[in-house]
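Residue-level structural notes
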Amino acid sequence: MLYDSKTCDKKWQQIWEKTNAFQIKQNSLTTKNKNNNYYVLEMLPYTSGSLHMGHVSNYTIGDIIARFKTKQGLNVLHPIGWDAFGLPAENAARNNGLHPWDWTFNNINEMKKELKTLGFSYDWSREIATANKEYYIWEQKLFIQLYNKNIAYRKNSKVNWCNECKTVLANEQVEDGLCWRCSSEVQISSLQQWFLRISNYSQELLDGLDTLKQWPQRVIQMQRNWIGKSSGANVVFKLKNPTTKQNITTFTTRPDTLYGVTFLSLSINYKELNNIITPEHKDDVNQFIAETKAENAKQDRKEKEQLGVFTGSYAIHPLTGNNIPIYVANYVLDEYGSGALMGVPAHDQRDYGFANKYHINIVPVIAPPNTQDDDSYELPYTEHGTMVNSQQFNGQTSQQSADEIVRLLESKGLGNSEITYRLHDWGISRQRYWGTPIPMIHCDSCGIVPVALEDLPVVLPKDVSFEGDGNPLDRHEEFVNTTCPKCQAPAKRETDTMDTFINSSWYFLRYCDPNNDQSIFDKNAVDSINPVDTYVGGVEHAVMHLLYSRFFVRILRDLGYLSFDEPFKHLITQGMVCMTSYKCPNHSWLYPHEVDNDRCVHCQSVVTVGRAEKMSKSKNNVVNPKEIMEQHGVDSCRLFTMFAGPVDKDIQWSQEGIEGMKRFLGRVYTLVVQNKQHVQARKYTTTNSEISNHLLYHINYTIKKVTNDIESVAFNTAIAAIMELVNVLYKVDTKTLTNDDRKLFGYAVHSVIELLSPFAPHICEELNEIIDGHTDSYQLICKTPWLKYDDNHTTRNTVTIGVQINGKMRSTITVSADASEDEAVKHARQDSKILGYIDGDGSTLVKTIYIKGRILNFIVK
RNA sequence: GCCGAAGUGGUGGAAUUGGUAGACACGCUGGACUCAAAAUCCAGUGGUAGCAAUACCGUGGGGGUUCGAUUCCCCCCUUCGGUACCA
């Protein structure tokens, strides 16, 4: 190895920093420059303590694009910051006695140091941390505006409650229905909490998905299903012996199946339930409810058997007047629809199972199309078809009948058409310390009153105690006790803080104007470079973070802060970095370096080698980026994570793999340094010699391939193409070349550095300096323009195509790229193997299929 | 459970959108260089049979469409991500 990655990495990182190579000028963020501005963003890191390989791969993807777009002449914004609020900081405080503030900012310092040794092209002057009051003041101001517009509101909602710890538990803190800390049983209790009306935007968030042409289809699909629009109808069932004035309203997406309703089922929390159960069924139903609640608290997501119990009451079918038994069932959701379902066992899988179990009637009302009267068909039949057993609708198609049945119900006042969404309002209250304080005050006489704007920010106090139960803010007298802004009477401050997803729903806008202390951000600056052109992050954020950000941009738009609809134009979701785990029978999980030849280095026991899975500290299957950088250099590591596979797939860490990358970089270094004179004398010329044509093809083909592959985020194949070019250049014997061809060869070698520079920026800067450092025109390679290609030289003149007999590969022929079918057939007929099949005994050629440049297929009989 | 993905040699992966399966790497084998090793360079490398030419098999499993399927359709298996208070 001729070059020393350690000193080289550091040298260029310092030069980039000293020359402010990646800072973008604030005055360039004006809508006049919109076409020349480009925004590359990676999801902001949570301040967990140290970087892991997932971060490295995430930020490398963004960095490659940022460097590529810069070389293409665009004005690139590439910022970084910290997602600093959240539960883990509070857990650290309880476990280690470290204040969340200290824990978080120590972590930021450490991670920042590590990030800087990776040489990413960040504009560090725009760094933000969401736990700073300069950041969260704007969330508080916004919250008050949303409260005044009735987008923020309070309602009762359920939480996991641990009676032992006297605290609300996150879902993550509940294990098998038990508190993770004290293992006591978790209760579900109800609290007044703050919500944002994201449901007002359900339809718009759904429609917006159609405009996101550069998002992965799977993410679009997940969001679409998450919003979960269904069109259908409300159907009202009156009670047979009314014990309450309330009718039961059910929601159905299939009003066409109404005549097949043979039971109703209610959720265990149905509000009128007590009035519906008959006295003789009370004990059964109450026992069932208790069992179901216990079962639900377990939170395992295994398949649960559909269970129910009869209430003793009957409803009246709105069209037939039949008696319909009413059940309570464990599979009815109370958040969706009205908490009541109409059961149509003949045409719904779940209802069918339920009816069979409890011996309820099954009445088919839709037959598959073209079914004869005496045909039998399998139930449940869930498709559309022809109406049967449905009075005047018999014989019609079910699609047509659906509308007519709804109209009939409407005329009787027993139903209406309705659109529902699965998406429900966003609960943003957290009964926790480490978050943005919700700027509200509870006054005995005035009720809920927003904090006066001039009193913002409501600063999160530092002097809190984590000894004791619940939210530390509740015990902070100074914080809690305040005066009502309206009547000046003593009042209590809201102690709930905001969900951290709020912090990450708008940070990308603040980067555009991070130091503004007059306003959340300058509208012109934000409009000049948004939506974010390329956004890179994990697919685990497909729904929540990415949906909340889309919601926030719409809120801000409607308040006049910006003038676009969608936050992210192109979304790249990257996979996880995985690693094999090793377990020793005596020493539990081992680090990779504790394993030698599948044996534990401590006790020589044979270790269990697990499948590669997400790197996690608990399994010791982690590699520390810091050590890798020191051992192998930044560029090898970047190259490995990008070469290991497509960016959106999980990659498996491998020691051998990174050594291979190091070897490749060594080859590049040697190639350039050994041919220094030719590269310095480089010139793009053509002499029409064989070698000249050969080089021209490879130069232009590779530039085109790498350019297109970066545009389509296929970094693994881009790197492979550069490797191929390097292999080709190694085979050239420069001694036999003419002077002109040698200059072209120099150009080819130089193009390797240019093309590789977004991927391996440090070594390419070094080589660029070795070649051109002494010249007047020298500039950093991160600033030199991206290479152009000549499309006349990106394809070969001759191609080798396959020759098939009846679709089976039998031979290949080499013909000119645009050879006609006749020419190709003529060539193939000179091949004795082929000839044997075509003109062999008893075989006749019946058809020839020729696809230019691809395949020649003879069909013989 | 529900929603969304993935499955190709010993390994990671490639395959211009239905057209030569295995590019590029890792590993392995052999060779060159060396007193030797490392490093480097060169060559070979899907499986089975064969000295070879070649033949057959082969993209998680089973079926289908097609002259031709890793690619399109149906069924199944396994693994992973999300599931609204982890971020």
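Residues numbered from 1 in each chain as written. Chains lettered and ligands numbered in written order. Predicted model: local features only at pLDDT ≥ 70, side-chain atom pairs only at ≥ 80, totals over all residues. Heavy atoms only, no water.

Bringing the protein's contact with RNA strand B into the picture now. RNA strand B sits among 69 residues. The nearest are Asp-83, Arg-432, Thr-800, Arg-854 and Asn-857. In the interface set of RNA strand B, defined as its atoms within 4 Å of the protein, sugar plus phosphate atoms amount to 65%. A distance of 2.2 Å is found between a sugar or linking oxygen of RNA strand B and a side-chain nitrogen or oxygen belonging to Asp-83. Backbone polar atom of His-424 to a base nitrogen of RNA strand B: 3.3 Å apart, as the coordinates give it. The element contributing the most residues to the surface near RNA strand B is helix H22 (residues 715-730), with six residues. For the surface near RNA strand B, a count of residues per class yields 25 nonpolar, 23 polar and 21 charged. (Near = heavy atom within 4 Å. Polar contact = N/O pair within 3.5 Å; in protein donor to acceptor, adjacent residues only side chain to side chain. Helix = DSSP H or I, 4+ residues; strand = E, 2+ residues; numbered from the N terminus. Nonpolar A, V, L, I, M, F, W, Y, C, P; charged D, E, K, R; others polar.)

What follows covers unusual backbone geometry. Glycine aside, negative phi is the norm for most residues, and most peptide bonds take the trans geometry. Across the junction of Leu-456 and Pro-457, the peptide omega takes the value 0°, indicating a cis bond. Assignment of secondary structure puts Pro-457 in the loop between strand E22 (447-450) and helix H12 (477-480). In this chain, Asn-530 is followed by Pro-531 through a cis amide linkage whose omega measures 0°. One non-glycine residue, His-359, adopts positive backbone phi at about 55°.

Turning our attention to the pairing of strand E9 (residues 186-196). In terms of strand pairing, strand E5 (residues 152-162) meets E9 through eleven bridges, oriented antiparallel. Along E9, the bridge assignment pairs Arg-154 with Trp-194. Summarising the sheet, E9 and strand E19 (residues 426-427) pair through two bridges and their orientation is antiparallel. Note that in E19 the partner of Phe-195 across the bridge is Gly-427. (Pairing = 2+ DSSP bridges.)

The next point concerns the nonpolar core. Leu-115, Trp-653, Phe-715, Leu-756 and Phe-759 are the most contacted members of the largest nonpolar core, which totals 90 residues. With 87 residues, the next largest nonpolar core counts Phe-85, Leu-456, Leu-460 and Leu-509 among its residues. (Core = buried A, V, L, I, M, F, W, Y, C linked by side-chain atoms within 4.5 Å. Buried < 20%, exposed > 50% of the residue type's maximum accessible area, 1.4 Å probe, protein only.)

What follows is about helix H17 (residues 625-632). Because the α-helix completes a turn every 3.6 residues, residues three or four places apart line up on one side. Among the residues of H17, those classed as buried are Pro-625, Ile-628, Met-629 and His-632. Mapping the buried residues of H17 onto a view down its axis gives an arc of 100°, with all of them on the same face. The exposed residues of H17 that point more than 90 degrees off its buried face are Glu-627, Glu-630 and Gln-631. Buried residues belonging to H17 abut helix H1 (5-18), helix H2 (53-71), helix H18 (634-643) and helix H19 (655-674). Two or three places before Lys-626, at the start of H17, stands the capping residue Asn-624, its side-chain oxygen 3.0 Å from that residue's backbone nitrogen. Gly-633 lies just past H17 and shows a positive phi near 90°. (Arc of directions from axis to C-beta. Contact = heavy atoms within 4.5 Å.)

Right, let's talk about the sheet that holds strand E23 (residues 481-483) for a bit. Spatially, the four strands line up as an open sheet ordered E22-E21-E24-E23, and their pairing is antiparallel. Only two strands of the sheet have a single partner each, and these edge strands are E22 and E23. In this sheet, adjacent strand axes meet at a mean angle of 45° when their direction is disregarded. Bridge count between E23 and strand E24 (residues 490-493): three bridges; the pairing is antiparallel. The residue bridging Thr-482 from the neighbouring strand is Ala-491, located in E24. Of the strands in this sheet, strand E21 (440-443) and E22 are in contact with helix H5 (residues 133-148), which crosses E22 at around 130°. (Axes fitted to C-alpha atoms, helices over the stretch in contact; angles between N-to-C directions.)

Pairing within the open sheet is antiparallel, and its four strands lie in the order E6-E5-E9-E19. Each edge of the open sheet is held by one strand with a lone partner, namely strand E6 (167-169) and E19. With three bridges connecting them, E5 and E6 associate as antiparallel partners. In the sheet register, Trp-161 faces E6, and the bridge partner there is Val-168.

Take the pattern of salt bridges next. One pass over the full model with this rule turns up 29 salt bridges. Across the pair Lys-626 and Glu-110 runs a salt bridge whose closest N-O atoms are separated by 3.5 Å. Here Lys-626, found in helix H17, pairs with Glu-110, found in helix H4 (residues 100-116); they are 516 residues apart in sequence, far enough to count as distant. For Lys-626, a relative accessible area of 41% gives the class partly exposed. Owing to a relative accessible area of 23%, Glu-110 belongs among the partly exposed residues under this scheme. A salt bridge links Lys-704 to Asp-791, with the shortest nitrogen-to-oxygen separation between them at 3.1 Å. In this pair, Lys-704 is assigned in helix H21 (residues 690-711) and Asp-791 in the loop between helix H24 (761-772) and strand E36 (798-805), connecting sequence segments 87 residues apart. (Salt bridge = Lys/Arg side-chain N within 4 Å of Asp/Glu carboxyl O.)

Along the polypeptide, His-99 turns up in the loop between helix H3 (87-96) and H4. Here Trp-101 takes part through its backbone nitrogen, which lies 2.9 Å from a polar atom of the side chain of His-99. Not counting chain neighbours up to four residues away, the residues in contact with His-99 comprise Tyr-433, Lys-462, Val-464 and Phe-466.

The next point concerns the side chain of His-750. Of note, His-750 is situated in helix H23 (residues 739-756). On the basis of relative accessibility, which here comes to 9%, the residue His-750 falls in the buried class.

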